[in-house]
Amino acid sequence: LTRRIAELEQNGGGTLELPDGVYGIDRTLRLPRTVSLCMTPNAIIRALPGFEGEAVVLKTATDKDREIHQRSGWIRGGIIDGGKLPVTGLKIEGGSRLEVSELEVINAVQKGIHANGWYEINMHNIRCNVDLDVKCPAGSIGLHIETGDSIVHTAMVIGYEVGVRSDIGSCDFNGVHVWNYDPTHGPMNYCFICNGTGDTYCQCYADSPKIAGFLVSKPFQRIVASRVFYSRFQT
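Residues numbered from 1 in each chain as written. Predicted model: local features only at pLDDT ≥ 70, side-chain atom pairs only at ≥ 80, totals over all residues. Heavy atoms only, no water.

## Considering the overall build of the protein
Turning to step 1, where the next piece is worked out: Within the protein, the secondary structure is distributed over 2 helices and 20 strands.
Turning to step 2, where the next piece is worked out: By the compact-globule yardstick of 18 Å for 235 residues, the protein fits well, its C-alpha radius of gyration being 17 Å.
Turning to step 3, where the next piece is worked out: Each principal axis of the C-alpha atoms in the protein carries an extent, and together these give about 55 × 40 × 25 Å.
Turning to step 4, where the next piece is worked out: Expressed as a percentage of the 235 residues in the protein, the buried residues total 51%.
Turning to step 5, where the next piece is worked out: The contacts in the protein between residues at least 6 apart in sequence include a share of 56% that link residues at least 24 apart.
Turning to step 6, where the next piece is worked out: Total accessible area on the protein stands at roughly 10500 Å², and carbon and sulfur atoms take up 50% of it.
Turning to step 7, where the next piece is worked out: Charge separation in the protein, taken as the distance between the mean sites of 23 positive and 26 negative side-chain charges, equals 1 Å. (Helix = DSSP H or I, 4+ residues; strand = E, 2+ residues; numbered from the N terminus. Rg over C-alpha atoms; globule rule 2.2 N^0.38 Å. Buried < 20%, exposed > 50% of the residue type's maximum accessible area, 1.4 Å probe, protein only. Contact = heavy atoms within 4.5 Å. Areas by Shrake-Rupley, 256 points an atom, 1.4 Å probe, with all protein chains shown as cover. Lys, Arg positive; Asp, Glu negative; His and termini not counted. Charge placed at Lys NZ, Arg CZ, Asp CG, Glu CD.)

Below you can see the structure in the form of structure tokens.
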């Protein structure tokens, strides 16, 4: 995989296409800005025991002054499997105008997806899911957004201490459902931490938080047609 990505990058960019199958890796798979990833529904990139690195898949870019308004391609389809290790499934640490879609991240128990790029990291039809028999560690976050002007549309987040956290402004979250299986996962303290100025949450579902469904800590938040559900089984 690393050799194929290097060839694509040297030729000016392209798409790494993975058909159905399990691709076991022992260190972070790095995707530069010019290389996209397209997986069929049953293609799985899996972190093996002894995995080295913070993230299973890392999407990155290096020259912000030159590349900031360039397209960063897409990550589409398939499954990223953290192997029940304390890792991030997908980390986006650079680049703009990136599409992430039709993707499931499973058993990356520190963070499912962490977007810390430049701007416009747009995601739709994604799922960050930890198996029901796995306890989430302290500080774990299902979907962590630190990239402004981004959109998350149609997402499920299951099995973290915090479901969704935004630390940046001008982002939109639409149709996001967050929940935990307590007590096995451990309590989900906050479903949504709204720490970005000027974000919008529309038709989002904060399902059975321990402390609060929406923790609003910055001004100019818009929460529209959303709801918090407290089960009678919750403490």
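Text resumes after the structure shown.
## Some details on the nonpolar core
Turning to step 1, where the next piece is worked out: Of all hydrophobic cores here, the largest spans 54 residues; its most connected members are Met-123 and Phe-192.
Turning to step 2, where the next piece is worked out: In terms of residues, this core owes the most to one element, strand β4 (residues 43-59), which gives 6 residues.
Turning to step 3, where the next piece is worked out: Excluding residues that lie within four positions of it along the chain, Met-123 makes contacts with Ile-92, Val-100, Ile-113, Ala-115, Leu-143, Ile-145, Ile-151, Val-152 and His-153. (Core = buried A, V, L, I, M, F, W, Y, C linked by side-chain atoms within 4.5 Å.)

## Observations concerning the packing of aromatic side chains
Turning to step 1, where the next piece is worked out: Under the counting rule described, the total for this entry stands at 4 aromatic pairs.
Turning to step 2, where the next piece is worked out: Ring geometry for Phe-173 versus Tyr-201: centroids 4.9 Å apart, planes at 5 degrees, classification stacked. Residue Phe-173 is found in strand β14 (residues 172-179), and its partner Tyr-201 is found in strand β16 (residues 200-202); the two are separated by 28 residues along the sequence.
Turning to step 3, where the next piece is worked out: Under the relative-accessibility criterion, Tyr-201 is labelled buried at 0%. (Phe/Tyr/Trp six-rings, centres within 6.5 Å; stacked < 30°, edge-to-face > 60°.)

## Some words on the pairing of strand β7 (residues 88-92)
Turning to step 1, where the next piece is worked out: Of all the 5 residues making up β7, 5 are buried; the element is thus mostly covered by neighbouring parts of the structure.
Turning to step 2, where the next piece is worked out: Looking at chain direction, β4 and β7 are connected through 4 bridges and run parallel. Bridging from a neighbouring strand, Val-57 pairs with Leu-90 of β7.
Turning to step 3, where the next piece is worked out: Looking at chain direction, β7 and strand β9 (residues 111-115) are connected through 4 bridges and run parallel. Across the sheet, the residue bridging to Thr-88 is Lys-111, located in β9. (Pairing = 2+ DSSP bridges.)

## Description of the pairing of strand β6 (residues 79-85)
Turning to step 1, where the next piece is worked out: Pairing between β4 and β6: 3 bridges, direction parallel. Following the sheet pairing, Arg-46 is matched in β6 by Asp-81.
Turning to step 2, where the next piece is worked out: The pairing of β6 with strand β8 (residues 96-108) spans 4 bridges and is parallel. Across the sheet, the residue bridging to Asp-81 is Ile-106, located in β8.

## Some thoughts on the side chain of Ser-140
Turning to step 1, where the next piece is worked out: By secondary structure assignment, the location of Ser-140 is in the loop between β10 (119-129) and β11 (141-145).
Turning to step 2, where the next piece is worked out: Only 2.9 Å separates the side chain of Ser-140 from the backbone oxygen of Pro-137, close enough to count as a polar contact.
Turning to step 3, where the next piece is worked out: Contacts of Ser-140, omitting those with residues within four sequence positions, involve Val-109, Gln-110, Tyr-160, Glu-161 and Val-162. (Polar contact = N/O pair within 3.5 Å; in protein donor to acceptor, adjacent residues only side chain to side chain.)

## Some details on the pattern of salt bridges
For side chains bearing opposite charge, pairing can occur when the charged atoms are close.
Turning to step 1, where the next piece is worked out: This structure, assessed with the given rule, holds 12 salt bridges.
Turning to step 2, where the next piece is worked out: Lys-84 is the partner of Asp-133 in a salt bridge, and the nearest nitrogen-oxygen pair spans 3.9 Å. With Asp-133 in the loop between β10 and β11 and Lys-84 in strand β6, this pair connects stretches of sequence that are 49 residues apart.
Turning to step 3, where the next piece is worked out: Accessibility expressed as a relative area gives 57% for Asp-133, which makes it exposed.
Turning to step 4, where the next piece is worked out: Taking relative accessible area as the criterion, Lys-84 reaches 41% and is therefore assigned partly exposed. (Salt bridge = Lys/Arg side-chain N within 4 Å of Asp/Glu carboxyl O.)

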